[in-house]
Amino acid sequence: MSKRIHVRQEQGQSVAEFALVLPLIMLVLIGIVQFGLVFKQYITLTDAVREGARKAAVARHRTDRTTHVQNAVVTAGSDLGPTFTTGNVSVTSTWNHGEDVVVRATFPFD
């Protein structure tokens, strides 16, 4: 007794399965790419604010302290594009010796 495999009956099966699975695979792939873009901008913004905090730590004796720190953040965050300006950066401090400096930046992601 020998079994005969009928290939003709299963010709379109793999194409139909691929057509059903392809949208799910593409959705997962697009989700991975979007997450990567968001994470890249998050890291860039975090590094830019960290650079601004470094500048603020040594800028106590400058006359243009806030502007100097804001410009440092915008320069360090240049990968975020032209919409990231000094208006997105806030610096809060009394600029007294030993006091904390708070540097915050916001950037909307579309």
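Structural data are supplied above this passage.
Residues numbered from 1 in each chain as written. Predicted model: local features only at pLDDT ≥ 70, side-chain atom pairs only at ≥ 80, totals over all residues. Heavy atoms only, no water.

An account of the pattern of salt bridges is needed here, citing residue identities and associated values.
Applying the stated criterion to the full structure yields three salt bridges. For E51, the salt bridge identified is with R54, shortest N-O distance 2.6 Å. You can see E51 and its partner R54 sitting in helix α1 (residues 13-57), three residues apart, about one turn around the helix. What makes E51 partly exposed here is its relative accessible area of 24%. (Salt bridge = Lys/Arg side-chain N within 4 Å of Asp/Glu carboxyl O. Helix = DSSP H or I, 4+ residues; strand = E, 2+ residues; numbered from the N terminus. Buried < 20%, exposed > 50% of the residue type's maximum accessible area, 1.4 Å probe, protein only.)

Before we move on, could you go through the side chain of N88 and cite the residues and values that matter?
Mapped onto the elements, N88 comes out in the loop between α2 (65-76) and β1 (89-92). We classify N88 as buried; its relative accessible area is 16%.

Explain the nonpolar core residue by residue, including any values.
Counting residues in each nonpolar core, the largest one holds 15 residues, and the members touching the most others are L45, V69, V73, F84, V89, V103 and A105. Broken down by element, the residue count for this core peaks at four residues, all from α1. Ignoring any residue separated from it by four or fewer positions in sequence, one finds V73 in contact with A48, V49, G52, F84, V89, V103 and A105. (Core = buried A, V, L, I, M, F, W, Y, C linked by side-chain atoms within 4.5 Å. Contact = heavy atoms within 4.5 Å.)

Explain the pairing of β1 to me, using residue names and the numbers behind them.
Of the two faces of β1, only the one carrying V89 and V91 is buried; S90 and T92 on the other face are not. With four bridges connecting them, β1 and strand β2 (residues 102-105) associate as antiparallel partners. Among the inter-strand pairings, V89 is bridged to a residue of β2, identified as A105. (Pairing = 2+ DSSP bridges.)

Which residues make up the environment of T85, and what values do they have?
Along the chain, T85 falls in the loop between α2 and β1. For the pair T85 and T106, spaced 21 residues apart in the sequence, the C-alpha separation amounts to 9.8 Å.

Got a sec to walk through α2? Specific residues and values, please.
The terminal C-alpha atoms of α2, which comprises 12 residues, lie 17 Å apart, in line with the 16 Å expected from a rise of 1.5 Å per residue. Check the buried side of α2 and you find it contacts α1, β1 and β2. (Expected span 1.5 Å × (residues − 1).)

I'd like a description of a nonpolar patch on the surface, backed by residues and values.
Where nonpolar side chains cluster on the molecular surface, the patch consists of F18, L22, M26, L29, I30, V33, L37, V38 and F109 and spans about 790 Å² of accessible area. By secondary structure assignment, the location of L37 is in helix α1. (Patch = residues over 30% accessible without salt bridge, like charges linked within 9 Å, V, L, I, M, F, W, Y side chains within 5 Å. Areas by Shrake-Rupley, 256 points an atom, 1.4 Å probe, with all protein chains shown as cover.)

Account for the packing of aromatic side chains, naming residues and giving values.
Counting across every chain of the model gives three aromatic pairs. With centroids separated by 6.1 Å and ring planes inclined at 80°, the aromatic side chains of F84 and F107 adopt a geometry described as edge-to-face. Within this pair, whereas F84 is found in the loop between α2 and β1, its partner F107 is found in the segment after β2, the two being separated by 23 residues in sequence. Exposure class is identical for F84 and F107. Each is buried. Members of the aromatic cluster, each reached through a chain of ring pairs, are F35, F39 and Y42. (Phe/Tyr/Trp six-rings, centres within 6.5 Å; stacked < 30°, edge-to-face > 60°.)

Mind laying out unusual backbone geometry, listing which residues take part and the relevant values?
Within the chain, W95 stands out as a residue other than glycine whose phi angle is a positive 60°. Topologically, W95 is positioned in the loop between β1 and β2.

So, to be careful, I would describe these as geometric facts and stop short of saying anything about function.
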